[in-house]
Amino acid sequence: MGRQSEPIINHFSHQHPLHLTNPQPSRVCSACKQTLETEPLYTCRSPSCTTFSLHLKCSHLPHRITHPCHHNHPLSLLPKSHNPNGVFACNACGNTGDGFSYNCKDCGVSIHVVCATLPLCLSHQSHGHQLGLVFASPYATGGFRCDVCGVIEGGKCWLYRCGSCGFDAHLSCATSKDSYCHFTFIPYGDPDQFSVIQ
């Protein structure tokens, strides 16, 4: 059974109470930076703060996790980057972000919350086998060519890969809503993916 939604919560990431409201397509979740089109959300009603919102599921993100990408230390949930400008570079997808991240301060690892919850394997219409999430390129150059879009990725980004065929895909190409993929998404808590630290 799902967690009961409280009408008003106090969240560690924000100084004002947050109120449960209906979906609002014009709002963006302050944690995952995705739109709030179909899900209930928590919003701040303080006149001095009109943009802070959280998806219901993002309000329940665990504060500390262990993740298979980083066995050295637990990752802590940060509502804002330690960097002075509040922006971080995600070690998973290579993109910058200004939302919540899972972070290891000791190692300088920062991961978007969406990237931290990607499935460890999935199926994609462009390949007959399961693709596994790989945390580093298997190639000496550190890069790879995406077999879905054809673009060469030169960075040290995660990828989805079929090891037996050498089929590689960007995270975004493998999980895009525009291309067919199949995976079961258990938001923020698949025990086989990472563990929550109390």
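Bear in mind that the values here come from a model prediction, so they are computed numbers and not experimental data.

Glancing now at the overall build of the chain. Of the regular secondary structure elements, the chain holds two helices and 20 strands. A buried classification covers 43% of the 198 residues belonging to the chain. Pairs at least 24 residues apart make up 49% of the contacts formed inside the chain by residues separated by at least 6 positions. Put simply, the chain shows about 10,800 Å² of open surface, and 51% of that area lies on carbon and sulfur atoms.

Sheet topology note: the strand S1 (residues 8–9)/strand S2 (residues 18–21) ladder contains two bridges and is antiparallel. Following the sheet pairing, isoleucine 9 is matched in S2 by leucine 18.

A few words on the confidence of the model for the chain. Across the chain, pLDDT averages 84, with 87% of residues at or above 70. pLDDT under 50 marks residues 179–198. Its contacts with residues more than four places away, or in other chains, come to 51 contacts.

A few words on the pattern of salt bridges. In this structure the tally under the stated criterion is four salt bridges. Notably, a salt bridge pairs arginine 161 with aspartate 168, separated by 2.4 Å at the nearest N-O pair. Of the two residues, arginine 161 and aspartate 168, neither departs from the other in class, the shared state being buried.

Relative to the helices and strands, threonine 117 is located in the loop between helix H1 (113–116) and strand S13 (121–124). Separated by 50 residues in sequence, threonine 117 and histidine 67 have C-alpha atoms that sit 9.4 Å apart. Engagement of the side chain of threonine 117 in a polar contact is seen with the backbone oxygen of valine 114, the distance being 3.1 Å.

Let us look at the environment of serine 172. Within the secondary structure, serine 172 sits in helix H2 (residues 171–175). A C-alpha to C-alpha distance of 9.8 Å links serine 172 and cysteine 115, two positions 57 residues apart in sequence.

With that settled, consider the sheet that holds strand S5 (residues 41–44). By way of backbone hydrogen bonds, the strands of a sheet pair with one another, either parallel or antiparallel. Read from one edge of the open sheet, four strands run S1-S2-S5-S6, paired in antiparallel fashion. The open sheet has two edge strands, S1 and strand S6 (53–55), and neither has a second partner.

Here the focus is unusual backbone geometry. Although it is not a glycine, lysine 33 sits at a positive phi angle of roughly 65°. Within the fold, lysine 33 resides in the loop between strand S3 (24–28) and strand S4 (35–36).

Turning next to the pairing of strand S17 (residues 159–162). The two faces of S17 match: Leu159 and Arg161 on one face and Tyr160 and Cys162 on the other face are all buried. Relative to S17, strand S14 (residues 127–134) is paired through three bridges, and the arrangement is antiparallel. Among the inter-strand pairings, leucine 133 is bridged to a residue of S17, identified as tyrosine 160. Direction of pairing for S17 relative to strand S18 (residues 167–169): antiparallel, over a ladder of three bridges. Note that in S18 the partner of cysteine 162 across the bridge is phenylalanine 167. Following S17, the chain reverses through four residues before pairing antiparallel with S18; glycine 166 in that reversal takes a positive phi of roughly 75°.

Assignment of secondary structure puts histidine 170 in the loop between S18 and H2. For histidine 170, a relative accessible area of 11% corresponds to the buried category. Setting aside anything within four residues of it in sequence, one finds histidine 170 in contact with Phe144, Cys146, Cys149, Val151 and Glu153.

For histidine 14, the location among the structural elements is in the loop between S1 and S2. Taking relative accessible area as the criterion, histidine 14 reaches 11% and is therefore assigned buried. One polar contact links histidine 14 to histidine 16, side chain to side chain, over a distance of 3.5 Å. Residue contacts for histidine 14: discarding those within four places in its chain leaves Cys44, Cys49 and Phe52.

Analysis parameters
Residues numbered from 1 in each chain as written. Predicted model: local features only at pLDDT ≥ 70, side-chain atom pairs only at ≥ 80, totals over all residues. Heavy atoms only, no water. Helix = DSSP H or I, 4+ residues; strand = E, 2+ residues; numbered from the N terminus. Buried < 20%, exposed > 50% of the residue type's maximum accessible area, 1.4 Å probe, protein only. Contact = heavy atoms within 4.5 Å. Areas by Shrake-Rupley, 256 points an atom, 1.4 Å probe, with all protein chains shown as cover. Pairing = 2+ DSSP bridges. pLDDT = per-residue confidence, 0-100. Salt bridge = Lys/Arg side-chain N within 4 Å of Asp/Glu carboxyl O. Polar contact = N/O pair within 3.5 Å; in protein donor to acceptor, adjacent residues only side chain to side chain.

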